[in-house]
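One letter stands for each residue in the lines below.
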Amino acid sequence: MRTAAAIIGAGPAGASCAYSLSLKGIENVLIDKRKIIGFPVQCAELVSRNINQFVNLAEIPSAINQKVSFMDIDTGKNLYRSEGKGYILNRDVFDDYIVKSAVKAGTNLFKQTNILKINADENKIIGVRIADNKPIEINYDYLIIASGPKNSFDLRGNFKQGLKNKSYIFATQVRAGLLKEEGLDSTICYFRPYIPYGYGWVFPKGKFANVGIGIEKPRTYMPLSSSLNNFLNEIRNKGLIGSKIYGKTSGLVPVSGLNNLYSGNIALCGDAAGLTHPITGAGIVSAVISGNLLGGYVAESLKTSKNLLEEYGDELESIFKKPLSAAAKKRYELYPQMTGADNIDKLIKRLWPSFEEYYE
Ligand SMILES: Cc1cc2nc3c(=O)[nH]c(=O)nc-3n(C[C@H](O)[C@H](O)[C@H](O)COP(=O)(O)OP(=O)(O)OC[C@H]3O[C@@H](n4cnc5c(N)ncnc54)[C@H](O)[C@@H]3O)c2cc1C
């Protein structure tokens, strides 16, 4: 088959791109290997309230699990509270809503389809339908790579086994029951020597909480499981969560900043473009922003027969390059010094973006 725009990955980045293309009347195909969009959830599900500038959450009340008002930073020596207005999403509902909006607007969705190869010379992607193992080929005018943190395609279309971003946080998370009956109105981030080059989090979800840790590999050889177990023991001992685990997930977060964003008629958005924040790991809002923006530029390119991906790259860089590079630099410089509770407490205000000192 052939299409004007093929999009690999129906996460928030790819789905936003497809939606934006369909709204502008551009034929597009959105492809994902998953059977159920958004599931399994590999995310702590926090977004700031500015998400409403890009996705109107009022239209999808079931995507909001709860609101939070504060963010607490626990260094082991001190607890710092700052304003942290946000939502804890039901991420599967959120992702599914963007995909359904795209489909309603005209996107052709291929689920359970794994793209294995890009033949950039022939403007063709090649994959397999997982349900019946049938091969699939799609010719495109423009190709959007939105295949998330584990993206394995480079911009010439080569598939290389292995990861394309330069450094990653390896994250693992459980769902636990909150022991506070009234729930929590804040997200809590914990900085501990046993969570090197990263942090632990308790993000409330009604009567439950997403509880996880993320550490950068290979900068530390600490096993993920022992870091998580230490963390769970600590917060259980504090009486915050119960001992029962209701589910477990894990995933990768790119933390090295922006990648090359385009080449020829191929462009990247979302995690595949390296858009997650190198300190906080947040990437949902930037995935949506980049997908929307790329959809606009691809639509305009097709309408005017003038390739505008360079303009896409310039605009995305003007928004994200400076803040992401600054955060990546702080990661590189400050984390190695945060070896004990005293140093963590001394450096946290320069490391974490909710403190004014971060911006000095
Ligand atoms: C444990 C964890 C916690 C996180 N917590 C937060 C948080 O609280 N707040 C926040 O803002 N961000 C968080 N993030 C980051 C956030 O999840 C990502 O930034 C976001 O999902 C990026 O969206 P995306 O569309 O780029 O990629 P994804 O959501 O990863 O979507 C990519 C899609 O591409 C599909 N795909 C990949 N390869 C192929 C292929 N070859 N063929 C077909 N389909 C393919 C995948 O199935 C997937 O559906 C967290 C990440 C992790 C791992």
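Residues numbered from 1 in each chain as written. Predicted model: local features only at pLDDT ≥ 70, side-chain atom pairs only at ≥ 80, totals over all residues. Heavy atoms only, no water.

Caption draft 1: Fine view of the overall build of the protein chain. Helix and strand content of the protein chain: 6 helices and 16 strands. Taken over C-alpha atoms, the radius of gyration comes to 20 Å for the protein chain, in line with the 21 Å a tight globule of 360 residues would show. Reported as C-alpha extents along the three principal axes, the dimensions of the protein chain are approximately 60 × 40 × 35 Å. Here the protein chain holds 360 residues, and the buried ones make up 55% of them. Long-range pairs, those at least 24 residues apart, make up 66% of the contacts in the protein chain with a sequence separation of at least 6. Surface summary for the protein chain: the accessible area is close to 16100 Å², and the carbon and sulfur share equals 51%. (Helix = DSSP H or I, 4+ residues; strand = E, 2+ residues; numbered from the N terminus. Rg over C-alpha atoms; globule rule 2.2 N^0.38 Å. Buried < 20%, exposed > 50% of the residue type's maximum accessible area, 1.4 Å probe, protein only. Contact = heavy atoms within 4.5 Å. Areas by Shrake-Rupley, 256 points an atom, 1.4 Å probe, with all protein chains shown as cover.)

Caption draft 2: Quick look at the domain arrangement of the protein chain. As far as domains go, the protein chain holds domain 1 (2-42 + 92-165 + 256-331) and domain 2 (46-91 + 166-254 + 333-359). Between the C-alpha centres of domain 1 and domain 2 the distance comes to 27 Å. Listed by partner, the interface residues are 31 residues for domain 1 and 36 residues for domain 2. It is Phe94, Lys330 and Arg331 that lose the most area in domain 1 upon contact with domain 2, and together they represent 25% of the buried surface on that side. Across the contact surface, domain 1 and domain 2 share 3 salt bridges. (Domains from an automatic or database assignment. Buried area = accessible area lost by both parts, 1.4 Å probe. Salt bridge = Lys/Arg side-chain N within 4 Å of Asp/Glu carboxyl O.)

Caption draft 3: How the structure looks around the packing of helix H4 (residues 284-304) against helix H5 (residues 309-334). Two elements in contact, H4 and H5, have axes separated by 9 Å at closest approach and are oriented at 155°. Taken as axis vectors, H4 and H5 run roughly antiparallel relative to one another. In this structure, the crossing between H4 and H5 has a hand that is right-handed. In this structure, H4 uses Ser286, Ile289, Ser290, Leu293, Leu294, Tyr297, Val298 and Ser301 to contact H5, whose residues at the interface are Leu309, Glu311, Tyr312, Glu315, Leu316, Ile319 and Phe320. Its residues assigned to classes, the contact of H4 with H5 comprises 10 nonpolar, 3 polar and 2 charged. (Axes fitted to C-alpha atoms, helices over the stretch in contact; angles between N-to-C directions. Parallel < 35°, antiparallel > 145°, perpendicular 65-115°, else oblique. Left-handed = near helix turned anticlockwise from the far one by under 90°. Nonpolar A, V, L, I, M, F, W, Y, C, P; charged D, E, K, R; others polar.)

Caption draft 4: Molecular detail of the pairing of strand E8 (residues 124-129). Two strands pair when backbone bridges link them, and strand E7 (residues 113-119) and E8 are joined in this way by 6 bridges, in the antiparallel orientation. Residue Ile115 lies in a different strand from E8, and its bridge partner there is Gly127. Hairpin geometry of E7 and E8 is characterised by an intervening segment of 4 residues between the two adjacent antiparallel strands and by a positive phi of about 50° at Asn123. Note that E8 and strand E9 (residues 134-145) share 6 bridges and pair antiparallel. Bridging across to E9, Lys124 finds its partner in Asn139. In this antiparallel pair of consecutive strands, E8 and E9, the connection spans 4 residues, and Asn133 shows a positive phi of 60°. (Pairing = 2+ DSSP bridges.)

Caption draft 5: A look at the site of the ligand. In the vicinity of the ligand there are 36 residues, among which Asp32, Ala44, Leu46, Arg91 and Asp271 approach most closely. Contact between the ligand and Lys33: a nitrogen atom at 3.1 Å from a main-chain N or O atom of the residue. Between an oxygen atom of the ligand and a main-chain N or O atom of Ile284, the distance comes to 3.0 Å. When the ligand is considered free in solution it has 1000 Å² of accessible area, and contact with the protein chains removes 90% of it. Elements with a minimum of two residues in the shell around the ligand: helix H1 (12-23), E7, strand E14 (241-254) and H4. Per-class residue counts for the shell around the ligand are 18 nonpolar, 12 polar and 6 charged. Two domains each donate at least three residues to the shell around the ligand, and these are domain 1 (2-42 + 92-165 + 256-331) and domain 2 (46-91 + 166-254 + 333-359). (Near = heavy atom within 4 Å. Polar contact = N/O pair within 3.5 Å; in protein donor to acceptor, adjacent residues only side chain to side chain.)

Caption draft 6: Structural context of the sheet that holds strand E13 (residues 208-217). Strand order in the open sheet made by the 8 strands is E3-E5-E4-E11-E12-E13-E10-E14, with mixed pairing throughout. Each having just a single partner strand, strand E3 (46-48) and E14 make up the two edges of the open sheet. Here the strands of the sheet are splayed against their neighbours by 30° on average, with no regard to which way each runs. In terms of strand pairing, E3 meets strand E5 (residues 79-89) through 3 bridges, oriented antiparallel. When the sheet's bridge partners are listed, Val47 is paired in E5 with Tyr87. With respect to the sheet, helix H3 (residues 224-237) is in contact with strand E10 (168-178), strand E11 (186-190), strand E12 (199-205), E13 and E14, its orientation differing from that of E13 by roughly 140°.

Caption draft 7: Fine view of the packing of aromatic side chains. This model, assessed by the stated rule, comprises 11 aromatic pairs. Judged by centre distance (5.5 Å) and plane angle (75°), the ring pair of Phe191 and Trp352 falls under edge-to-face. Pair noted here: Phe191 is in the loop between E11 and E12 and Trp352 is in the segment after helix H6 (341-351), with a separation of 161 residues, a long-range link. Site record: aromatic cluster; members linked through ring pairs are Phe191, Tyr199, Trp201, Phe203 and Trp352. A cation over a ring is seen here: Arg81 above Phe70, with NZ or CZ 4.3 Å from the ring centre. The ring of Tyr358 has Lys330 lying over it, and the distance from NZ or CZ to the ring centre is 4.6 Å. (Phe/Tyr/Trp six-rings, centres within 6.5 Å; stacked < 30°, edge-to-face > 60°. Lys NZ or Arg CZ within 6 Å of the ring centre and 35° of its normal.)

Caption draft 8: Unusual backbone geometry, seen in detail. Backbone torsion omega between Phe39 and Pro40 reads 0°, so that peptide bond is classified as cis. Inspection of the secondary structure puts Pro40 in the loop between strand E2 (28-31) and E3. Of note in this structure, Glu45 is not a glycine but carries a positive phi near 75°. Inspection of the secondary structure assignment puts Glu45 in the loop between E2 and E3. Here Glu45 falls in the buried class, since its relative accessible area comes to 1%. At Tyr197, a residue that is not glycine, the phi angle is positive and equals roughly 55°. The topology assignment puts Tyr197 in the loop between E11 and E12.

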